[in-house]
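In case you want the letters, here they are:
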Amino acid sequence: VKNIAVLTSGGDAPGMNAAIRAVVRACSYYEVNCFGVYKGYEGLIDNDFTQLNARSVRNIINKGGTFLKSARSKEFRTKDGRQKAYVNLKENSIDALIVIGGDGSFTGALKLSEEFDFPVVGIPGTIDNDINGTDYTIGYDTALNTVVEAIDKIRDTASSHNRLFLIEVMGRDAGDIALNSGIGAGAEEILIPEEDMGVDRLIDSLKKSEKSGKTSSIIVVAEGDKSGKNIFELGEYVKEKLDGYDVRVSVLGHIQRGGSPSCFDRVLASKLGVGAVEALLEGLQDVMIGIVHKNVTTVPLKTALSKRIHKHDRLIKVADITSV
Ligand code: F6P
């Protein structure tokens, strides 16, 4: 492997810059040429490559977003799009590709490798923490801290006005952000996609809290929760069923994707970036670099894309006990 290309794809996540930096610097260390591709798979299709050296990535470890830009490419989902991408990779003499992104990005990477026998390695970068085969994805820790900081602020005003707040957080079909930020911010209830508590149990529990003397409440709702109501409908429903509280809804939105990465995410991104280059140099391909029990590991991309076996049970119990 003499020439490696790197791109960021899908929803951006804090720490992606740190991961690119680690890839570029590992290439420099192992004396391999490194090329950045702009706008994810769009840049592969449009032949938007740039050569990067160790100095190209200075002063970015602390920056949110991704300086290579990101996109969710529709064209790359077509065989024609991937064919164009492959031709450009070959024209630029690229031997292997590192994709920093989430499951959608890995699906594209696997297709490219299967159809054209092109070596790819994935680095998990998404705030959702929803990838199988890694304990953490890059950006998740920073997003959690952003959410907890935001909820702390909402708690101040909730408590001043004796209000009940429903706060929607991101995470797509995973409840990791909701569950962990909910525990960290002391939420009374947490609704996650993996465990449908049902709206009636929610109301019962809120009534109990009210009786026990709680004057304000925070309910964290994962965007993918299975209550069958969107957060505004849920807010109306709670308002109807509970007359003691003044109810407000707050959707945190894309604030969760921005900001300077936490130290945890910077270190994680550095380990995974170096690991990705080393994996390619060892001849591995079609794998994702992950972190399991603090060790950098590799799993086949296919495994990374399979359903995640997650055990939220203990955390759900902790949330129940600590919100009494
Ligand atoms: O996958 C990251 C994520 O932020 C999800 O949590 C969210 O559902 C989605 O991306 C939002 O995507 P977009 O920025 O394209 O609206």
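Residues numbered from 1 in each chain as written. Predicted model: local features only at pLDDT ≥ 70, side-chain atom pairs only at ≥ 80, totals over all residues. Heavy atoms only, no water.

A. Geometry of the packing of helix α5 (residues 140-160) against helix α6 (residues 176-184). As a packed pair, α5 and α6 sit with axes 9 Å apart at the nearest point and diverge in direction by 45 degrees. In terms of orientation, α5 and α6 fall into the oblique class. α5 and α6 meet at a crossing whose hand is right-handed. In this structure, α5 contributes Y140, L144, V147, V148 and I151 to the contact, and α6 contributes D176, I177, N180, S181 and G184. Among the residues making up the contact of α5 with α6, the classes are represented as 6 nonpolar, 3 polar and 1 charged. (Axes fitted to C-alpha atoms, helices over the stretch in contact; angles between N-to-C directions. Helix = DSSP H or I, 4+ residues; strand = E, 2+ residues; numbered from the N terminus. Parallel < 35°, antiparallel > 145°, perpendicular 65-115°, else oblique. Left-handed = near helix turned anticlockwise from the far one by under 90°. Contact = heavy atoms within 4.5 Å. Nonpolar A, V, L, I, M, F, W, Y, C, P; charged D, E, K, R; others polar.)

B. Examining the side chain of D225 more closely. Within the fold, D225 resides in the loop between β8 (217-222) and α8 (231-241). As a buried residue without a salt bridge, D225 has its nearest oppositely charged side chain in K226, at a separation of 8.0 Å. Looking at D225, its side chain comes within polar contact range of the main-chain nitrogen of S227, at 3.0 Å. Sequence-distant contacts of D225, that is, excluding residues within four places in its chain, are made with L191, I192 and P193. (Buried < 20%, exposed > 50% of the residue type's maximum accessible area, 1.4 Å probe, protein only. Lys, Arg positive; Asp, Glu negative; His and termini not counted. Salt bridge = Lys/Arg side-chain N within 4 Å of Asp/Glu carboxyl O. Polar contact = N/O pair within 3.5 Å; in protein donor to acceptor, adjacent residues only side chain to side chain.)

C. Quick peek at the pattern of salt bridges. Applying the stated rule across the entire model yields 12 salt bridges. Note that E75 is salt-bridged to K84, the shortest N-O span being 2.6 Å. On the basis of relative accessible area, K84 is assigned to the partly exposed category, the value being 40%. Salt bridges here are not isolated pairs; linked through shared partners, they connect R163, D246 and R248.

D. Focus on helix α1 (residues 16-29). Relative to the 20 Å expected for 14 residues at 1.5 Å per residue, α1 spans 20 Å between its end C-alpha atoms, a close match to the ideal helical length. Of all 14 residues making up α1, 10 are buried, and the element is well covered by its neighbours. Taken residue by residue, α1 has M16, N17, A18, A19, I20, A22, V23, V24, A26 and C27 as its buried positions. Buried residues in α1 make contact with β1 (3-8), β2 (33-37), β3 (49-52), β4 (96-101), β5 (120-124) and α9 (263-281). Positive phi shows up at E31, right after α1, with a value of about 55 degrees. (Expected span 1.5 Å × (residues − 1).)

E. Representation of the UniProt feature "binding site: ADP" (unreviewed entry) in the protein chain. Here the UniProt feature "binding site: ADP" (unreviewed entry) sits at R21, A22, V23, V24, R25, R155, G186, A187, E188, K214, T215 and S216. Spatially, the listed residues are scattered: they cover 196 residues, and their C-alpha atoms lie as much as 53.2 Å apart. Mapped onto the elements of the fold, K214 is located in the loop between α7 (199-211) and β8. Among the residues examined, K214 registers a relative accessible area of 18% and is labelled buried. With residues near it in sequence (within four places) discarded, K214 still touches E188, S209, Y245, S323 and V324. Among the structural elements, T215 can be located in the loop between α7 and β8. (UniProt positions renumbered as here; feature names shortened; annotations may be inferred.)

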